[in-house]
Amino acid sequence: YYKDLDNYISKMDYKTGSISLLGGITLYMLIKYFQPRKVFEVGTFIGRSTVAMALGISQYCDDGIIYTCDKDNDFYLDELKLECEVWGMGKTLSTEALKKVSEKEDSVDLFFFDGSLQDSDLKYIAQLSGENTILAVDDFEGISKGVINFLALIFIWFERGEAFFIRGLRLTFP
């Protein structure tokens with residue numbers, strides 16, 4: 001699938017980066033380890049991360065779904081006929097996509113953020129987050145969107161007065 005995805009680059013209105021093969025393998029392994037059934041992704045682009053997660057989900061269940069949105073580009077992954085259901089929302093702002101999903105689902109098992117979050121997203125992320133929801137961010141270096149997204153997400157848990165886990169470190173907010 002990964003080689004086929006490069007063919008979509010020419011169809012994209014806004015050319016941006018995509019996760020590497022190693023990033024895709026890591027995401028696939030993360031999915032297989034935690035076994036989420038409902039995933040929400042911000043930042044589809046050509047769909048490498050979406051495909052990696054769909055392949056992981058299809059290894060352990062037949063009723064998984066990935067909701068994915070990209071504000072700048074159309075969605076073409078329907079052409080791949082993945083075994084996991086993918087609900088792609090091309091040229092859709094993350095807030096609009098999160099709102100649609102919150103009207104359909106009570107919670108999401110895993111969020112993957114590879115696009116910039118908006119302040120208006122945070123209430124929907126909090127609403128869709130359960131006790132065991134996993135938050136994963138990409139581009140986590142320097143002052144990149146991943147770091148900014150992470151800080152915004154910590155703020156949600158701070159406002160809720162709940163614990164936030166970071167690889168063995170537990171932050172508890174009063």
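Residues numbered from 1 in each chain as written. Predicted model: local features only at pLDDT ≥ 70, side-chain atom pairs only at ≥ 80, totals over all residues. Heavy atoms only, no water.

J.: Break down the packing of aromatic side chains for me, citing the residues and quoting the values.
T.: Two numbers describe a pair of aromatic rings. These are the distance of the centres and the angle of the planes. For the coordinates displayed, the defined rule picks out four aromatic pairs. Relative to phenylalanine 111, the ring of phenylalanine 40 has its centre 6.1 Å away and its plane inclined at 55 degrees; by these criteria the two rings are tilted. Residue phenylalanine 40 is found in strand β1 (residues 38-42), and its partner phenylalanine 111 is found in strand β4 (residues 108-113); the two are separated by 71 residues along the sequence. Residues phenylalanine 40 and phenylalanine 111 agree in their burial class; the two are buried. For phenylalanine 111, a relative accessible area of 0% corresponds to the buried category. By way of ring pairs, the aromatic residues Phe40, Phe111 and Phe113 are connected into one cluster. Sitting above the plane of the tryptophan 87 ring, lysine 104 keeps its charged end 4.9 Å from the centroid. (Phe/Tyr/Trp six-rings, centres within 6.5 Å; stacked < 30°, edge-to-face > 60°. Helix = DSSP H or I, 4+ residues; strand = E, 2+ residues; numbered from the N terminus. Buried < 20%, exposed > 50% of the residue type's maximum accessible area, 1.4 Å probe, protein only. Lys NZ or Arg CZ within 6 Å of the ring centre and 35° of its normal.)

J.: Describe unusual backbone geometry, naming the residues involved and giving the relevant values.
T.: Even without a glycine there, the phi angle at glutamine 35 is positive, about 50 degrees. Relative to the helices and strands, glutamine 35 is located in the loop between α2 (21-34) and β1. A relative accessible area of 45% means that glutamine 35 is categorised as partly exposed. At lysine 91, a position not held by glycine, the phi torsion is positive, near 50 degrees. Along the chain, the position of lysine 91 falls in the loop between β3 (85-90) and α4 (94-104). Note on lysine 91: relative accessible area 43%, which makes it partly exposed.

J.: Explain the pairing of β1 to me, and be specific about the residues and the numbers.
T.: The element β1 is extensively covered by neighbouring structure, given that four of its five residues are classed as buried. The sheet contact formed by β1 and strand β2 (residues 65-70) spans five bridges and is parallel. Residue pairing in the sheet places valine 39 in a bridge with isoleucine 66 of β2. Pairing analysis gives four bridges linking β1 to β4, with the strands arranged parallel. Each residue of the ladder has a partner; that of glutamate 41, found in β4, is phenylalanine 112. (Pairing = 2+ DSSP bridges.)

J.: Would you mind going over the side chain of aspartate 121 in detail, with residue names and values included?
T.: You can see aspartate 121 is positioned in the loop between β4 and α5 (122-128). Despite its burial, aspartate 121 pairs with no opposite charge, the nearest such side chain being lysine 123 at 9.7 Å. (Lys, Arg positive; Asp, Glu negative; His and termini not counted. Salt bridge = Lys/Arg side-chain N within 4 Å of Asp/Glu carboxyl O.)

J.: Explain the sheet that holds β4 residue by residue, including any values.
T.: On the basis of which strands lie adjacent, the open sheet formed by five strands has the order β3-β2-β1-β4-β5 and parallel pairing. Two strands in the sheet have a free side with no partner beyond their single neighbour: β3 and β5 (129-137). Direction aside, neighbouring strands of the sheet carry axes that sit 15 degrees apart on average. Against the sheet, α4 contacts β1, β2, β3 and β4, and its axis sits at roughly 140 degrees relative to β3. (Axes fitted to C-alpha atoms, helices over the stretch in contact; angles between N-to-C directions. Contact = heavy atoms within 4.5 Å.)

Function cannot be inferred from these measures alone, as they are strictly geometric.
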